[in-house]
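The lines below spell out each chain.
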Amino acid sequence: MVYKNNPASGFKVARAITLSAMAIAAALVTACGGANSVPTPFASARIVAFNDVHGNLAPTDSKQTSSIIAPGTSTATTVQSGGLAYMATIVNNLRAGSTNSIVVAAGDNIGASPYTSNIAHDEPTVDLLSQMGLEVSSVGNHEFDKGLTELQRIQGSNGTSTCYPASGNFGVIGKDTCLEANNTFAGAKWTYLAANVVNTATNQTIFPSTYVKSFPSVGGLRGPTIGFIGLTFQATPTEVNPAGVAGLTFGDEATAINIAAASLKKQGVNAVVVLIHQGGSTTATTYGDATCPGFSGPEITAIVGQLTNDVDMIVSGHTHQDYICKLPNASKKMITVTQSGFYTTGVTSIDLSFDANGNVNGVLAANTPVINDTNTTAYPAGVTAVTPKASFVTSINSYASLSSAAGSAVVGYITAPVTIQAPQAGCATAIPATCDSGSRNKTVETAMGDLSADSQLAAMQASGIALPGQISLIQAGGVRTTLKSTTDPTYPGQITYAGLFATNPFHDTLVAMNMTGAQIKSVLEQQWELPNKTAFYAPGGVGEMLMPSAGFTYTWDSRQPSGQPTGTGNRVVASSMMLNGVPINLNSTYRVVVSTFLANGGDNFPGFVVPKAAANPVQAGFDIDALVSYFTTHLTSGTAYTPVAANRVTKLDTNGNACVTGTWATCGNP
Amino acid sequence: MAPYIEFMKFSFTLIFLIGMVAMRCVLAAELTASDREKLEATARLTQSQCIHYMVNDPSLYAQCVRNLRKKQGSNTLTGLAVDYFGYVGAMSYMRVKTIGADTIAAEFLKNFRLEQKKLHISDGDLCSTVPGNCVVRIAQTLAMEKEPPKTMVKRVVCAGGSCRFIEQLPEKK
């Protein structure tokens, strides 16, 4: 106020203040070590993330679409999405948008893969994700599908053989896989992390817990250092083949993260990012909705809720959704948690920014759908399809060709077609559905069904597991085609891996579990109870057949009503159920082998869903491998397999007499 | 005479329109706080019990929702909440191209529409009981009603604890 009306005086005062301030600043600079200590700003860093690729090289079903929302509008549009070659383009584009970028994944890169990757033991996927620049990934549960040794081979860390251990049974590509030059396989170029997976023999984690990425300083900006922690969910052993995780322990996720994060902080990293194969879901109905509506995920929420402030953000997976959410950590600080979708439908970009001290002061994440549909005429503004990366297209085509070659490998011989039985004369028209294929009748016992059941029981018995099984059951829907020789109609003739795969194309895991005699009867009744009866419309109200392995026989009575509510049917003659000629005791426990599909109650057979404690389920191997193995004793025309008569199940006609095998579709029907 | 007829036409049209609006108001009554709470709570219950099945086996998700709906018995309000979440949950997986999610969504869409109609609850009120973008979701709902998905022609394939769908023959349910 003194100099309000005296500008000259005011100017002097202001100048004095300015000079004083400059002097103080200079003194501070000197005291703090001179001008060189002025902190250089940090550059931002971009993390490009995805999860749950599951060996999907090509886009999944073209009949299915993703829903996306046009930026800035409320319009939902459905588009075709996915495909590794398209995803590679998106990844490239996202990386091009940042000086400092890294590609990461949150597990299940391999495992439960489609045929092309699967038959080559996922080497095509490993190759292409390596080409994509994937640098670090957590393990997921499916990384353990084929055991630690195979996972170490995939990682390229088992030292000796880099090829898939010789099975001697089927489809050799190159030299038992090993698709690279000179029949070698170097393994993944990315680093697998497994902070909570410990080998009990060594008491060490099977892979490193952490990975540190240091970006260089460029253009006057300091390059940040990011520490990654990778792990899978603790309950992984409950979701994989027990043989695959034998000798391993899966520890508490939050404990493992906090220990690793503290260690990384001590090392001086600027950011700690967790890659975890565990996640949640939201109620968003379009891809890329960053508002995180209705988030649900008790496991991941609990994990984040125990984390310290050392952790800056989380890339999640496993639940096959896309989201950008924030969950509270132990200090109630909101932590960004992302997921990109699955099967290559999307990619997450996460931009980390840093304050002058190098601490994270911003996490900006977004999901980009991998749109492959160049035919859609009207895209919303701001949405575009991408062209596939040419080198990936070439590689994927090459792998498809190789897998086709593997499929043509001869795996055995048969003396005659192993049929799934053509529709019978009782079908008056092509409708109902069971009569329309011209190649299959799911309401009758078939030779191919019996063979499949036999192979599954034999495989479990040869697996070395305790209590491998006494009876195997397979549903008619699980047996897809008649097995024919490549020389059909000339027999004996050779059969190929592809031919066997066509009959059992589901690659289901097999499981042996306890069932009482009463439970077995109950599940057999479900063949004709609702909803199987109505699901198949068959003449006489017959439902979907369960076909047994050799030694197990039973009779069903067509005079008893079908279409009963679950649990009330009475078509199976209890006293007729025999195992190797000995009556089944309804109160005794038997070891039953089925696919995990059936064990989950698939195809309207909820009777297979037996409480875990009572069932004591043990998984071992896959259905296709069981079939292939079954033919190891039929590898020459001289030892060709002869189809068995489908006579393990007996049907009683309206007079209570046994129907002649092969006349079921008409015999005993009203 | 002609102006009189025109006037009468206009009047009847006006009365008709007012009637329609009034009818709409009656049909789509305001949700009470108590009913809204029940809808939201039951939807959350459905989510917590069933949504985790979608990852491994969408058909198990559908069965879980059906079972939960059955438990509601004749309670149309909570039944509506179960069926509506069944629809939204399936849509939330349809967004990432989960095979079979569309047909499951269509099943529960059909179910919740019947109950919604009985209870005279508006689309907006119902939508707001499950978090999300209602403008988009309601538009998606109308679009699905206009063009329902084709019957599922895939089956679930499980391997090592994870499931997906594989092309199936036409006769497969």
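About the cut-offs
Residues numbered from 1 in each chain as written. Chains lettered and ligands numbered in written order. Predicted model: local features only at pLDDT ≥ 70, side-chain atom pairs only at ≥ 80, totals over all residues. Helix = DSSP H or I, 4+ residues; strand = E, 2+ residues; numbered from the N terminus. Contact = placed C-beta atoms within 7 Å. Pairing = 2+ DSSP bridges. Axes fitted to C-alpha atoms, helices over the stretch in contact; angles between N-to-C directions. Parallel < 35°, antiparallel > 145°, perpendicular 65-115°, else oblique. Nonpolar A, V, L, I, M, F, W, Y, C, P; charged D, E, K, R; others polar. Core = buried A, V, L, I, M, F, W, Y, C linked by C-beta atoms within 7 Å. Buried ≥ 20, exposed ≤ 12 C-beta atoms within 10 Å, placed from the backbone. Domains from an automatic or database assignment. pLDDT = per-residue confidence, 0-100. Left-handed = near helix turned anticlockwise from the far one by under 90°.

This part is about the overall build of chain B. From N to C terminus, chain B includes eight helices and two strands. In sequence order, the secondary structure elements of chain B are arranged as α-α-α-α-α-α-α-α-β-β. Within chain B, residue pairs in contact and separated by at least 24 positions form 62% of the contacts whose partners lie at least 6 positions apart.

All names here are of chain A. On the basis of which strands lie adjacent, the open sheet formed by three strands has the order β8-β7-β11 and antiparallel pairing. Each edge of the open sheet is held by one strand with a lone partner, namely β8 (204-205) and β11 (248-250). In this structure, strand β7 (residues 197-199) lies alongside β8, joined through two bridges in antiparallel fashion. The residue of β8 that forms the bridge with N199 is Q204.

Right, let's talk about unusual backbone geometry for a bit. Glycine aside, residues mostly have negative phi, and peptide bonds are mostly found in the trans state. Residues and elements named next belong to chain A. Residue P489 is bonded to the preceding D488 through a cis peptide linkage, with omega at 15 degrees. Locating P489 in the fold gives a position in the loop between β19 (471-475) and β20 (493-496). The omega torsion of the bond from Y491 to P492 falls at -5 degrees, within 30 degrees of zero and hence cis. By secondary structure assignment, the location of P492 is in the loop between β19 and β20.

This brings us to the packing of helix α4 (residues 58-71) of chain B against helix α5 (residues 76-94) of chain B. All names here are of chain B. Two numbers describe how α4 lies on α5: the axes approach to 9 Å, and their chain directions differ by 170 degrees. In this view, α4 runs roughly antiparallel relative to α5, as classed from their interaxial angle. Contacts between α4 and α5 involve P58, Y61, V65, L68 and R69 on the former and, on the latter, G79, V82, D83, G86, G89 and Y93. Its residues assigned to classes, the contact of α4 with α5 shows six nonpolar, three polar and two charged.

Another aspect to go through is the environment of A476(A). All names here are of chain A. Assignment of secondary structure puts A476 in the loop between β19 and β20. Residues A476 and L546, 70 residues apart in the sequence, show an inter-C-alpha distance of 6.2 Å. Residues in contact with A476, not counting those within four places in the same chain, are K442, G449, E544, M545 and M547.

Moving on, we come to the nonpolar core. If you look at the biggest cluster of nonpolar residues, it comprises 203 residues, and the most contacted ones within it are V104(A), L193(A), I229(A), I257(A), L275(A), Y84(B) and A105(B). Two domains share this core, each providing at least three of its residues, namely domain 2 (45-399) and domain 3 (408-652) of chain A. If near-sequence neighbours (up to four positions away) are discounted, I257(A) is found in contact with A195(A), I229(A), L231(A), V274(A), L307(A) and V311(A).

Residues and elements named next belong to chain A. The strand order across the open sheet built from four strands is β25-β24-β23-β28, with neighbouring strands paired in mixed fashion. Strands with a single pairing partner mark the edges of an open sheet, and in this sheet they are β25 (582-583) and β28 (649-652). Where strand β23 (residues 552-557) and β28 come together, four bridges link them in parallel fashion. Residue pairing for β28: W556 is matched across the bridge by K651.

Turning next to helix α5 (residues 147-155) of chain A. All names here are of chain A. When we look at burial in α5, the residues that qualify are L151, R153, I154 and Q155. Each element contacted by the buried residues of α5 is listed here: α4 (123-131) and β6 (191-193). Taken from the residues just after α5, G156 is the one with a positive phi, measuring 80 degrees.

Attention now moves to the environment of V628(A). Positionally, V628(A) belongs in helix α15 (residues 623-630). In the structure, V628(A) is positioned 127 residues away from F501(A) in sequence and 8.9 Å away in space, judged by C-alpha atoms.

Our next topic: the pairing of strand β15 (residues 334-340) of chain A. Residue and element names in this part refer to chain A. Among the seven residues in β15, six count as buried, and that is most of the element. In the sheet, strand β13 (residues 313-316) pairs with β15 via three bridges, with the strands oriented parallel. Paired with M313 across the two strands is T336, which belongs to β15. Relative to β15, strand β14 (residues 322-328) is paired through seven bridges, and the arrangement is antiparallel.

What follows is about the confidence of the model for chain B. Residue and element names in this part refer to chain B. Looking at chain B as a whole, its pLDDT mean stands at 78, while 69% of the residues score no less than 70. The least confident element of chain B, judged by mean pLDDT, is strand β2 (residues 162-167) at 42; the most confident is helix α7 (residues 123-127) at 97. Across residues 21-26, confidence stays below pLDDT 50; counting only partners more than four residues off in sequence or on other chains, it has zero contacts. In this model residues 152-173 is a low-confidence stretch, pLDDT under 50, and it forms 73 contacts with partners more than four residues away in sequence or in other chains.

So, about the environment of G140(A). Residues and elements named next belong to chain A. Its location among the elements puts G140 in the loop between β5 (134-138) and α5. Taking the C-alpha atoms as reference points, G140 and A105, 35 residues apart in sequence, are found 9.8 Å from one another. Beyond its immediate chain neighbours, meaning those up to four positions away, G140 contacts G107, D108, T232, H277, G317 and H318.

Quick look at the pairing of β5(A) now. In summary, the side chains of a regular strand alternate between the two faces of the sheet. All names here are of chain A. Judged by how many residues are buried, β5 sits mostly within the fold: four of five residues are covered. The pairing of β5 with β6 spans three bridges and is parallel. Across the sheet, the residue bridging to S137 is Y192, located in β6.

Residue and element names in this part refer to chain A. Extensive coverage of α4 is indicated by the burial of seven of its nine residues. Every buried residue of α4 is accounted for by E123, P124, T125, V126, D127, L128 and L129. Taken together, the buried residues of α4 touch α2 (84-96), α3 (115-118), β5, α5 and α8 (390-407). Backbone geometry just downstream of α4 places G133 in the positive-phi region, at approximately 95 degrees.

Attention now moves to the packing of α2(A) against α8(A). Packed helix pairs are specified by the crossing angle of their axes together with the interaxial distance, meaning the distance between the axes. Residues and elements named next belong to chain A. Following both chains from N to C, one finds α2 and α8 inclined at 155 degrees, their axes separated by 8 Å at the closest point. Judged on the interaxial angle alone, α8 and α2 are roughly antiparallel. The hand of the α2/α8 crossing is right-handed. Residue-level contacts link L84, A85 and A88 of α2 to F392, V393 and I396 of α8. Per-class residue counts for the contact of α2 with α8 are six nonpolar, no polar and no charged.

Within chain A, residue pLDDT values average 84, and 81% of them lie at 70 or more. Note on residues 536-541 of chain A: pLDDT under 50 across the span, and 24 contacts to partners over four residues away in sequence or across chains.

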